[in-house]
Amino acid sequence: MKAAVYYETGGPEVLKYEEVPDPVCHRKGVIVRVEAVSIEGGDTLNRFRGRMAANPHIVGYQAAGEIVEVGEEVTNLKVGQKVVTSGNHGSHAELRAVPARSAWVIPDGMDIQKAAAIPVPFGTAHDCLFEFGRMQKGDVVLVQAGASGVGVAAIQLAKQGGASLVLATASSDERLEMLKPLGLDHGINYKEKDVATEVRRLTDNKGANVVVDSVGGSTLQGSINSLAYRGRVSMVGAAGREPMKVDVGAMMGGNQSLSGVFLGAEIATDRVYNNIQRLIEQVARGELQVVIDRTFPLSEAAEAHRYIESRQAVGRVLLIP
Ligand SMILES: NC(=O)c1ccc[n+]([C@@H]2O[C@H](COP(=O)([O-])OP(=O)(O)OC[C@H]3O[C@@H](n4cnc5c(N)ncnc54)[C@H](OP(=O)(O)O)[C@@H]3O)[C@@H](O)[C@H]2O)c1
């Protein structure tokens, strides 16, 4: 099969489009002929400085396609079904092998490109808001990096969950404008305004009850500084690529909390697996939107990663084998 591989981590230019051996089907897994790869924030980070499982390494968490082989112990999936899959690596390829527990069936008639972009960002955003952020109806929610894959999902889920005010940050006014149809009430351009000051101004000085932060570093400090009394930050990523050094000194007085969130630790549990299946069905019914910014051929994976890192994408960029 063809795949986008690299022999060393680094910039987008390390990605090469090459012939590699086909994956082998595990007795508890499936092989999927990939039709759409969703490039996750973690994929660009891993390509930049992540662990390589093999050399060459095929990066990528998430892809959707058709099952072409089923392991002998798998009873709930069959050849010919369309599924969206997640895994630690291997999405940037024509074929991928995953455990059966990492494949979700796509409802009949659903756009496979949209399905490709659901499990990790929507599952993560949901856990950040409700499981770890303990969001309640009426809460003020701040989503850092609102135009990111996780951000686009979190804005919609916060609105759907009854947030009284949904705030989000991004690096330009144009990016924020595109988030308004998804449920964003007020956008904060962090290049021009201090986030915590702006959150206080917009909330009568109360602050945000829940913050979803997938950027980390100095952005995470802004999230902590934006919290309301008893507010919660779900810290879920390091898109900013900065050291995670923050001052938590003021949190005690405000009875505030900071939770690390890692979807991968619980993705195979019934709770998260079933939650992701529900989210896929909500997208299929049109209750949640998947925002696809652009598609590239798989052979142009380097160009697609470069485009994402240029900070122009809103929502997801896909690769099509
Ligand atoms: N822990 C978990 O379970 C989990 C699950 C999913 C994702 N994540 C992590 O969450 C982060 C975001 O994932 P995603 O898929 O939402 O990412 P994404 O769609 O690629 O978006 C990342 C966003 O971060 C912002 N950003 C801020 N500083 C940046 C920088 N220095 N370089 C690049 N982007 C920067 C950009 O928006 P602006 O230009 O508007 O600032 C960009 O849109 C990643 O670190 C990922 O690994 C973790």
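Computed from a prediction, not measured in an experiment: that's the story for all the values here.

Asker: Could you clarify how one ought to interpret the sheet that holds strand E10 (residues 165-170) in this entry?
Answerer: Within a sheet, neighbouring strands are paired by backbone hydrogen bonds and run either parallel or antiparallel to one another. Reading across from one edge, E11-E10-E9-E12-E13-E14 is the order of the six strands in this open sheet, with parallel pairing throughout. Edge positions in the open sheet fall to strand E11 (186-189) and strand E14 (257-260), since each of these has one partner strand only. Neighbouring strand axes in the sheet, compared pairwise and without regard to direction, differ in orientation by 20° on average. As judged from the four bridges shared by strand E13 (residues 227-235) and E14, these two strands associate in the parallel manner. Residue Ser234 lies in a different strand from E14, and its bridge partner there is Ser259. Of the strands in this sheet, strand E9 (140-143), E10, E11, strand E12 (208-213) and E13 touch helix H6 (residues 195-202), which is tilted by about 155° from E11.

Asker: How should I be thinking about the domain arrangement of the chain in this particular structure?
Answerer: The domain boundaries assigned to the chain delineate domain 1 (2-117 + 290-320) and domain 2 (120-264). The straight-line distance from the C-alpha centre of domain 1 to that of domain 2 is 28 Å. On the domain 2 side, the residues contacting the 17 residues of domain 1 number 14 residues. Both sides together, the interface formed by domain 1 and domain 2 hides about 1,300 Å², and carbon and sulfur atoms give 54% of it. Three residues stand out in domain 1 for area buried against domain 2, namely Leu45, Arg311 and Val314, and they jointly supply 36% of the buried area on that side. The tally of links between domain 1 and domain 2 comes to one salt bridge. For Glu309, the salt bridge goes to Arg241, with nearest N and O atoms at 2.9 Å. Here the side of domain 1 that touches domain 2 gets four residues from one element, more than from any other, and that element is helix H1 (residues 41-49). A class-by-class count of the residues in the side of domain 1 that touches domain 2 yields seven nonpolar, five polar and five charged.

Calculation notes
Residues numbered from 1 in each chain as written. Predicted model: local features only at pLDDT ≥ 70, side-chain atom pairs only at ≥ 80, totals over all residues. Heavy atoms only, no water. Pairing = 2+ DSSP bridges. Helix = DSSP H or I, 4+ residues; strand = E, 2+ residues; numbered from the N terminus. Axes fitted to C-alpha atoms, helices over the stretch in contact; angles between N-to-C directions. Contact = heavy atoms within 4.5 Å. Domains from an automatic or database assignment. Buried area = accessible area lost by both parts, 1.4 Å probe. Salt bridge = Lys/Arg side-chain N within 4 Å of Asp/Glu carboxyl O. Nonpolar A, V, L, I, M, F, W, Y, C, P; charged D, E, K, R; others polar.

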